[in-house]
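Examining the three-dimensional arrangement
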2 protein chains.
Amino acid sequence: MKKYKDTSLSAQERAEALVAEMTIEEKASQLNYKAAAIERLGIPAYNWWNEGLHGLARAGTATMFPQAIALAATFDEKTMFEVAEIISIETRAKYNMYSAQGDRDIYKGLTLWSPNINIFRDPRWGRGHETYGEDTFLTGRLGVAFVKGIQGEGKVMRAAACAKHYAVHSGPEGLRHHFDAKADAKNLEETHLPHFEMLVKAGVEGVMGAYNRVNGEGACASDFLMGKLKEWGFDGYFVSDYKALEDFHLHHGLTKTVEESAALALKKGCHVCAGYVYEHLMTAYEKGMVTEEEITRAAVAAMRTRVRLGLFDDETEFDNIPFSVISCEEHNQKSLEVAKKSMVLLKNNGILPLAKGKYKTIGVIGPNADSRDALIGNYFGTADRYITFLDGLTAKFDGRVYYSLGSHLFKQGYSGLAMPGDRYSEAVATAEQSDLVVLCVGLDAMLEGEEGDAGNEFDSGDKYDLRLPESQRILVEKVLAVGKPTVVVIASGSSLNTYSDKADAIIQAWYPGSMGGAALADIMFGESPSGKLPLTFYKEIEGFPSFEDYSMAGKTYRFLENSDNVLYPFGFGLTYSKVECTAVEYADGVAKVAVANVGKVDTEEVVQLYIKDNKSKHAAKNHKLCGFQRISIKAGEKLTVEIALDGSAFDVVDDSGKRFVDSDSFTLFAGVSQPDELSEKLSGAKCVKVDITK
Amino acid sequence: MKKYKDTSLSAQERAEALVAEMTIEEKASQLNYKAAAIERLGIPAYNWWNEGLHGLARAGTATMFPQAIALAATFDEKTMFEVAEIISIETRAKYNMYSAQGDRDIYKGLTLWSPNINIFRDPRWGRGHETYGEDTFLTGRLGVAFVKGIQGEGKVMRAAACAKHYAVHSGPEGLRHHFDAKADAKNLEETHLPHFEMLVKAGVEGVMGAYNRVNGEGACASDFLMGKLKEWGFDGYFVSDYKALEDFHLHHGLTKTVEESAALALKKGCHVCAGYVYEHLMTAYEKGMVTEEEITRAAVAAMRTRVRLGLFDDETEFDNIPFSVISCEEHNQKSLEVAKKSMVLLKNNGILPLAKGKYKTIGVIGPNADSRDALIGNYFGTADRYITFLDGLTAKFDGRVYYSLGSHLFKQGYSGLAMPGDRYSEAVATAEQSDLVVLCVGLDAMLEGEEGDAGNEFDSGDKYDLRLPESQRILVEKVLAVGKPTVVVIASGSSLNTYSDKADAIIQAWYPGSMGGAALADIMFGESPSGKLPLTFYKEIEGFPSFEDYSMAGKTYRFLENSDNVLYPFGFGLTYSKVECTAVEYADGVAKVAVANVGKVDTEEVVQLYIKDNKSKHAAKNHKLCGFQRISIKAGEKLTVEIALDGSAFDVVDDSGKRFVDSDSFTLFAGVSQPDELSEKLSGAKCVKVDITK
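Residues numbered from 1 in each chain as written. Chains lettered and ligands numbered in written order. Predicted model: local features only at pLDDT ≥ 70, side-chain atom pairs only at ≥ 80, totals over all residues. Heavy atoms only, no water.

A word on the overall build of chain A
Keep this limit in mind: Each helix corresponds to a stretch of at least 4 residues labelled H or I by DSSP, and each strand to a stretch of at least 2 residues labelled E; elements are numbered beginning at the N terminus. The globule rule used here is 2.2 Å times the number of residues to the 0.38 power, and the radius of gyration it is set against is calculated over C-alpha atoms. Throughout, exposure labels follow a simple rule: accessible area from a 1.4 Å probe, protein chains only, divided by the maximum for the residue type, with under 20% read as buried, over 50% as exposed, and the rest as partly exposed. Only heavy atoms enter the contact rule, under which two residues are in contact if any of them lie within 4.5 Å. Note that accessible areas follow from Shrake-Rupley with a 1.4 Å probe, and for residues the cover is restricted to the protein chains shown. Asp and Glu are treated as the negative residues and Lys and Arg as the positive ones, with His and the ends of the chain left uncounted. Here the site of a charge means atom NZ of a Lys, CZ of an Arg, CG of an Asp or CD of a Glu.
Scanning chain A for helices and strands turns up 20 helices and 25 strands. For chain A, the C-alpha radius of gyration of 25 Å lies close to 26 Å, the compact-globule estimate for 694 residues. Overall, the C-alpha framework of chain A stretches about 75 × 65 × 45 Å when taken along its three principal axes. Across the 694 residues in chain A, those meeting the buried criterion constitute 68%. Here the analysis covers contacts within chain A between residues at least 6 apart in sequence; of these, 75% occur between residues at least 24 apart. In the structure as shown, chain A presents an accessible area of about 22800 Å², 48% of it carried by carbon and sulfur atoms. Both charge centroids of chain A, one from 77 positive and one from 98 negative side chains, sit 2 Å from each other.

So, in structure tokens, the structure goes:
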């Protein structure tokens, strides 16, 4: 038996043995994302690039879960784990199917370039909906759960997750190929790095370097960032973002030639190149710019991941995952369930859930009402069912449903040659004819997305401001002016102000996945919503710090200075019941929270813990999330919820970037929202607190 | 009371009275398709342009019926009438709603620019799916039924239909603005004009002039064509196609200036200008190029139509058609019913209808399987439900449905960066996993459509040839090679050869409207199909006459010379039963056909009459359709069907264009197909015949 096939050896040993059989050209060939076959060694081609952000993406039919930002809104590690586990199982099933046919194309391998754990620090960022929101702790916890679900606990990894984009990467999209993101030591350690540390320490197999520079260094070739990975004990593979190494010589001015870019990245520790720069590695080698040892080291890292995935084993425990699991009923039911956990009820004057028999006609209005795109987000697979909001409401309601598109998503006129706003009069008439209006507005990935994505009408995928496009602003105004009972449903992946104060209820539906319309209908007709905002919703962008400024001052709930600009706070979300935290205790690293459902409806809720350092001069301006637990609680029920705190809960970061406990006085808050005036007012429940002396 | 409001007067008198109150500027202003308001006379603005080809189009929610070519495939005047009646009712309901809000925009009036009755003489024509196929008689009969359904028989017209595009207009799309369609007198009278005559004589309110020239004259300003209208007694309004008058000076070289174009069209009898040329009428008048009398005459014609629509009556019988009729359940059920009557079963080795319980898994594969665009065609409204083929089959089948997109509609690779054909291996695996494959291929309006339509990747909307795009040709080959029981479903509006000989069954589904997937499922699981091809399906385009040649020689079943190139004949379509015509008699203008359902299934069928002149040297090469009747016939049932023949059945046309009876010997054929070898072989039923001596 070849040594590299000996499963009693470590992955490192097997990878070393395998690489030892390769010529230098063969080693170099394994470092391109399209790794070549080495037929004489029986190694098939392998394309490193696959995606699984909220369902296996881009290579055919798969279960489509709600977009990442919606997954985060569940505030639920268990859900995140289960979703990732399904993605991983479908990834294996597809891999088994594709590889049986010798199809080794892109999006067909086992190395998923998910999750995207960048911090959604600025509400304009077009890719924010790919993330878990604005909080480092929440992002880290949910990211770890996702990674564990993807990778599994088998003898081999079921699939490999990848933490991206490392690091300090969150727009502007239009600048990403030449931008130098500047963040001081305090901001780095407080916000931009801790969740990467959490994922690495939890064993994430891959880390992807970002496009931008970080404090002058290319993110894919940074002594600082690579040093951190080493410090955290990273032993997976490091891959560049697609064509990020090309940016070194084309845009960043870090190098002059493609060979220099290859050499720089390889030397600093980038193992796999997504792009075409490492196709020049052998030239760089021949010119003496890299050593064989450096190539070998990267090849061992790359093959180590493939060993861990069982790609050189004669059989694995996952070989029999059948085709039939892909988008099976059970998986789609999970997608529906998660969509329901993710939707955030922002306002409700009591109209929801809809009283049975009260409404004979519903008018479903708006450009996102019957839009499949509004379900999808980006980085998506092909679902085998799409239940739009209109579909879902029509199926669930037994009266007459009227539908009006109302307006284009962002263009002024809908039909060619028509006057601007040609669908408004139908929308108004529809509202007039209806006992209840469901107004479905928002965005889709055409309006918030990634630089270079097709079809993006706006600037590089970022938003200009936090308002709906004008076509929809007018629609909202006109429909609300009709004065019918109205529920506004927002499909977006980011903070939007729809100026719907007059609406009776507002639901933030995100991009809820292929079952989204069924989820909305289940909620509107009775099931209590329980999603929480994983990011602050602001009133307006005016006065917000510069998009290019990576200091966190004035951004996100932790560092916010102008609370007047908060429309809905981080952590906020209503249910149909009233759940209160009535007491909190703390001992030995564990908080015990007494929780009571004093309302009339069974519901899920999210118990949230926030901590405030009362003394340290290094403490952030506001409290920070340090624990959360989704619970299911019946009407009238009382529970005690135990939540363990990370040691890091008590840390502060000084200006040198040192994390440490600097205080003996803390206040721990427990509630179903943040412990601030607006949150408590909106959620209708006070937080409780306990002082902790260390 | 103003005289023009006196309903005891004729429309002509009222229009004259109304126009008599106008200044010349006001008269001229009424001849633009965007007719201005005349506030001092209390006349609101009116936009002449609306569309209702297969459902009210382009101005919001409406019931979406199968595309026109599919309506034709029903071979059923009753269906055509009922569909048009619903379109008309919804048009009025929308008009009532829009006008109550003062919304007088395009697509919101009562003058529908439908039907499109051009002859689909060349299978490449991109707009062929807007028509009723290749046969003049069938087109005329169905067109008349459509017009009657639109216009109604009320005191005022419910809506106005418009016969377009007059005349000799059927591609190439890329040439339409400067092309001179040449047709000799015999071809004109035999093929290009008789159905326009039928519609005019049936009272169609509008006629639209085509873009092209006809034998040198602009179609919108042709002595010959206008003379024919007069001869037929046309007293409605004549409108130019959009910007067709602009073509006079810009492309046709008929005039030198826009004023000359205005003058030419007005003098020849074009009343309303769709476009902007008549905005220059007053300049032409001031220059002495037109007279006030000519302007007055056109204004009277235009206002006469508006009078007939009741637009100057204080109230009409249609004012209370409510908003709630729009896309109501009854209308959508009609759409479903019509879709089922329209689908054509081209091949069936007995696999259909699917045996109950035999199949545990179905693999639904192909780019049109879950495509809404494949339901729609062009000139469409917004449906409030879309049941794709996948949706319909999933809802109806109680086993597991697998779905694979299979390929892009026409691009080689589906996902960015992927290799060409990146979805084929999934399609193959899906077929392998399935007990039965439903392969949904074809086109959509992006691939066959109108010149200038957005998104058209091919040449101006026309097809290059009669094959599927290469991406789908490969898909068909790969999926059929798996060898599973396979039903091929074709969504297209024209003759396509999918090279699916190996398939067990083939269904031509057309663009079946928003309920199309439910119709397909109903058929596949039991209801007998009964649609018939309203056009010849050819094997290949090679050897076909030039697209630019408007002589009918060698084209369509009547004039076909090379029957070897016929894939499926005009009039052909299978049912699940076996219906035979067993005898035919003829007396006093009426054919009596004895029909028997000798099969085991209740079904609808279309009894078809064809006539052949046995003597005249002017007779067309082949027999011609001269009667048809859709019937419902139970298994084992025998019926006698009476079909009256038009006098024109016996006509021939000589080279001078004279239509007359030139023979005393005819053979009348009756069957469920054409009386030719291939048709009888494919349909499995012989035609019967009777000789007629005049």
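Still more ground to cover, so stick around.
As for the pairing of strand 10 (residues 361–365) of chain A
Residues and elements named next belong to chain A. How we decide: Strands qualify as paired when DSSP identifies two bridges or more between them.
The element strand 10 is extensively covered by neighbouring structure, given that five of its five residues are classed as buried. Of the two faces of strand 10, the one carrying T361, G363 and I365 and the one carrying I362 and V364 are both buried. Bridging between strand 10 and strand 11 (residues 400–404) involves five bridges; their strand directions are parallel. In the sheet register, I365 faces strand 11, and the bridge partner there is S404. As defined by bridge partners, strand 10 adjoins strand 12 (residues 436–442) across four bridges and the pair is classed as parallel. Bridging from a neighbouring strand, G363 pairs with V437 of strand 12.

Focus on the interface of chain B and chain A
Test applied: Buried area: the accessible surface (1.4 Å probe) lost by two parts on joining, summed over both. The salt bridge definition used is simple: a Lys or Arg side-chain nitrogen within 4 Å of an Asp or Glu carboxyl oxygen. Polar contacts here mean pairs of N or O atoms no more than 3.5 Å apart (in protein, one a potential hydrogen donor and the other a potential acceptor; neighbouring residues in sequence count only if both atoms are side-chain atoms). Each residue gets one of three labels, nonpolar for Ala, Val, Leu, Ile, Met, Phe, Trp, Tyr, Cys and Pro, charged for Asp, Glu, Lys and Arg, and polar for the others, Gly among them.
On the chain A side, the residues contacting the 48 residues of chain B number 48 residues. Taken together, the two surfaces of chain B and chain A that pack against each other cover about 3600 Å², and 49% of this comes from carbon and sulfur. Inspection of the chain B/chain A interface yields four salt bridges. Salt-bridge contacts for B:E426 lead to A:K94; the nearest nitrogen and oxygen are separated by 2.2 Å. Applying the counting rule to chain B against chain A returns 26 residue pairs in polar contact (both at pLDDT 80 or more). Its residues assigned to classes, the side of chain B that touches chain A shows 22 nonpolar, 13 polar and 13 charged.

Quick notes on the side chain of B:N597
All names here are of chain B. Topologically, N597 is positioned in strand 18 (residues 590–597). N597 gets classed as buried once you look at its relative accessible area, which sits at 2%. A distance of 3.2 Å separates a polar side-chain atom of N597 from the backbone oxygen of I633. When near neighbours in sequence (up to four residues on either side) are disregarded, N597 contacts S577, K578, V579, D602, T603, I633, K634, A635, G636 and E637.

Observations regarding the packing of helix 1 (residues 11–20) of chain B against helix 12 (residues 292–308) of chain B
Residue and element names in this part refer to chain B. In plain terms, the rule: Whenever a helix is involved, its axis is fitted only over the stretch in contact; in every case the axis is a line through C-alpha atoms, and angles between N-to-C directions fall within 0 to 180 degrees. Oblique is the label for any angle not covered by the other classes, which are roughly parallel (under 35 degrees), roughly antiparallel (over 145) and roughly perpendicular (65 to 115). Should the near helix be turned anticlockwise from the far one by less than a right angle, the crossing is left-handed, and should it be turned clockwise, the crossing is right-handed.
Viewed as axis vectors pointing N to C, helix 1 and helix 12 meet at an angle of 120 degrees, and their least axial separation amounts to 8 Å. With respect to their mutual orientation, helix 1 and helix 12 come out oblique. For the pair helix 1 and helix 12, the crossing hand works out as right-handed. Contacts between helix 1 and helix 12 involve A11, Q12, R14, A15, E16, L18 and V19 from the former and T296, A299, V300, M303, R304, V307 and R308 from the latter. Across the contact of helix 1 with helix 12, the residue classes tally to eight nonpolar, two polar and four charged.

What to know about the pattern of salt bridges
Residue and element names in this part refer to chain B. Counted according to the given criterion, the structure contains 88 salt bridges over all chains. Between E450 and R127 there is a salt bridge; the shortest N-O distance is 3.1 Å. One end of the pair, E450, is in the loop between strand 12 (436–442) and helix 17 (470–482); the other, R127, is in the loop between helix 4 (77–100) and helix 5 (136–151), and 323 residues separate them in sequence. On the basis of relative accessible area, E450 is assigned to the buried category, the value being 8%. Residue R127 is classed as buried on the basis of its relative accessible area of 1%.

Section: the packing of helix 15 (residues 389–396) of chain B against helix 18 (residues 516–524) of chain B
Residue and element names in this part refer to chain B. Their axes nearest at 7 Å, the elements helix 15 and helix 18 cross at an angle of 45 degrees. The angle between helix 15 and helix 18 falls in the class oblique. Helix 15 and helix 18 meet at a crossing whose hand is right-handed. Contact with helix 15, carried on its side by F389, G392, L393 and K396, involves G516, G517, A518, L520, A521, D522 and M524 of helix 18 and no other residues of that element. Residue composition of the contact of helix 15 with helix 18, grouped by class: six nonpolar, three polar and two charged.

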